Amino acid sequence: MSQGIPAKKVYDVCIIGSGAGGGTAAKVLAEGGLNVVMLEAGPTLNPEKDFKEHVWPYELPHRGADVGGRARHELNTEFMSPNGFWEIEGEPYTTAPGSSFRWFRSRIEGGRTNHWGRIALRFGPADFKARSTDGMGDDWPITYEELAPYYDKVEAYIGVFGSKENVPNAPDGVFLPPPKPRCTETLVKKACDHLNITCIPSRLAILTQPVNGRAACHYCAQCGRGCITASNFSSSQVMIPPAQATGRFTLIPNAMAREIVLGKNGKAEGVTYIDKTTRSENQVRARAFVVAASACETARLFLNSRSSSFPDGIANSSGVAGRYLTDSVGTHLAGYFPQLEKVPAHNHDGVGGMHLYMPWWRVGQKNDFLRGYHIEFGGGRHMPGVGEFDGVCAEHEGYGVSLKQKCRSSYGNVIGFAGRGEMIPNENSYCDIDPNVVDRWGIPVLRFHWQWGENELKMAAHMQETFRSIIETAGGTVLTPHRDASDEGHAAEEKPVVDPALVGKSSISEGGTIIHELGTVRMGNNLKTSVLNENCQAHEVKNLFVADAAPFVTNPDKNPTLTIMALSWRTSEYLLDQAKKGEI
């Protein structure tokens, strides 16, 4: 087993991954006085060069759809933020027979924070006490009240808009003023009010006022293409710069981590990585390590870090690493609203996401399934993107002038709805190391096993019924499976993939496609059922920490990124304290 050439310099902390968790850790640790080195598997990012904000389709090769249009309806079009992929050449993953799972990865400074929908929801008190609430799954080793101060810190620093609503299990936060609803959002809210479905201002990490030198959003609504003014949040523009400003931060790009090396004293002493530009193997040394490579990539690194002390992966005597893999339950439906045809052309400006959303409104009520979901929606006269009119073209026979007239008459009259619900971990959904496949760097790859449970299927069916009720109450007509939520303005970063034959019945997203995979190196109080303790510190390797979504014990309906940052901030402060005491 190769372990690279040990470096002479020993940093205080080595962070693997530069996304939401890694960036937060870099800021807190470097500002706290520690010398930090960060490994990033992709290149550095230059927003002015790499982002496509305000670029027209005709300014790009293939109008942003890649050769032959193969990137249509994918996240990695030439028009979107760079270096996000469903498939990476030379870096495969596999799925077990009978399983279907897709894995979205990013290889660039800032990771997937360059791509996400900026939806920033706090987990609620009940989300940390799932087993105590309904007897399924497990409780977290920490409570909402213990994490709440760190939610406050993150929101105040990155900027999140929203409103105080006192919705059960959807805590309010430190909010900037929300933007006003658009025409289509007002239409949907009126229907929701009639159906007693809570519909409130959404909570997004986009600035509606200047914060810490960052300008307020100028409402171009092109967040998915990257924001040169950093008015929406990304780790690369908001977390890493303050770390760099300390003079105690070193970023090593194009560094693909292979293995965490265990020292004779039982502590981690180095990380070997492949320099992608030279294909050479190197090693970086530190006194402590924070793995924040994304939940599945972190599990892969743990499982590939084998030694005589840990033959099944570092700190993995429990065999838990890779288990408890979950993604959000997702499904979508779109409606056509003929009354919008008569609405005069008007200003549809706003942020690059929804101004309103529906949190789970049935807390405490009897349902056919456990836990809950929230609803995201979008539509109206936003700037057309790649594949915007594919649904119209699929429905309308004809071409030329008649097709153009149809596209113009239907433009802005469709609203898409998407649900995001909680998946309860099950024994059939996990990842492990494929014994027969390695990537181009010779590193064994992940193999995914996946199965939705009955609870998730019932939840997706309930989502469909709710979407239909909202559409019809608002005076719309449910569209055929040709349209989907991302076609109609929903955050493209989280586009669900649905079997068209199931739309309107019990459709559910393919595993991994909501891009909320988590829980693979989870935390807990019991060494036999968890890898990490309540501080996201490995039970068995005291200078090894995790700061992405891998430690999560449950996967509530709330999007995970805000909790990743709050948990990383908390873990980093604990690490700082331990370092000052000489315990690390």
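Since the model is a prediction, treat every value here as computed from it, not as a measurement. (Residues numbered from 1 in each chain as written. Predicted model: local features only at pLDDT ≥ 70, side-chain atom pairs only at ≥ 80, totals over all residues. Heavy atoms only, no water.)

**Topic: the packing of aromatic side chains**
Two descriptors summarise a pair of aromatic rings, namely the distance from one centre to the other and the angle between the planes of the rings. Definition in use: Only rings of Phe, Tyr and Trp enter the pairing, Trp through its six-membered ring, and a pair is recorded when the two centres are within 6.5 Å. The plane angle decides the type: under 30 degrees is stacked, over 60 is edge-to-face, the rest tilted. Helix and strand labels come from DSSP, where a helix needs a run of H or I of at least four residues and a strand needs a run of E of at least two; each type is numbered from the N terminus. Here's how the labels work: a residue is buried when its accessible area is under 20% of the maximum for its type, exposed when over 50%, partly exposed in between, all with a 1.4 Å probe on protein chains only.
Counting across every chain of the model gives 26 aromatic pairs. Relative to Y411, the ring of F389 lies with its centre 6.2 Å away and its plane at 50 degrees, an arrangement referred to as tilted. On the criterion of sequence distance, the pair formed by F389 in the loop between strand 13 (373-379) and helix 9 (390-395) and Y411 in the loop between helix 10 (400-410) and strand 14 (414-421) is long-range, its members being 22 residues apart. Among the residues examined, Y411 registers a relative accessible area of 24% and is labelled partly exposed.

**A few points about unusual backbone geometry**
Not every positive phi belongs to a glycine, and N166 is a case in point at roughly 55 degrees. Inspection of the secondary structure puts N166 in the loop between helix 4 (144-158) and helix 5 (183-195). Here N166 falls in the exposed class, since its relative accessible area comes to 69%. Positioned with a positive phi, S294 is a non-glycine residue whose angle comes to about 100 degrees. Relative to the helices and strands, S294 resides in the loop between strand 10 (280-291) and helix 8 (295-304). Overall, the relative accessible area of 17% leaves S294 in the buried class.

**Side note on the pattern of salt bridges**
Just so we agree on the cut-off: In what follows, salt bridge is the name for a side-chain nitrogen of Lys or Arg lying within 4 Å of a carboxyl oxygen of Asp or Glu.
Under the definition given, this model contains 23 salt bridges. Between D152 and R122 there is a salt bridge, with the nearest N and O atoms lying 2.5 Å from each other. Linking D152 in helix 4 with R122 in the loop between strand 5 (105-106) and helix 3 (130-134), this pair joins segments that are 30 residues apart in sequence. A relative accessible area of 34% means that D152 is categorised as partly exposed. Salt bridges sharing partners connect three or more residues here, namely E91, R107, K276, E297, R300 and D439.

**Some remarks on the nonpolar core**
Going by this rule: Remark: nonpolar core denotes a set of buried residues (Ala, Val, Leu, Ile, Met, Phe, Trp, Tyr, Cys) joined through side-chain atoms within 4.5 Å. Any two residues whose heavy atoms approach within 4.5 Å are treated as being in contact.
Membership of the largest hydrophobic core comes to 130 residues, with the highest contact counts inside it found for L29, I158, M358 and F417. Look past the residues within four positions of I158 in its chain and what remains in contact with it is A205, L207, R214, F233, V238, M239, L562 and M565. Of all hydrophobic cores here, the second largest spans 16 residues; its members include I119, L121, F161 and V351.

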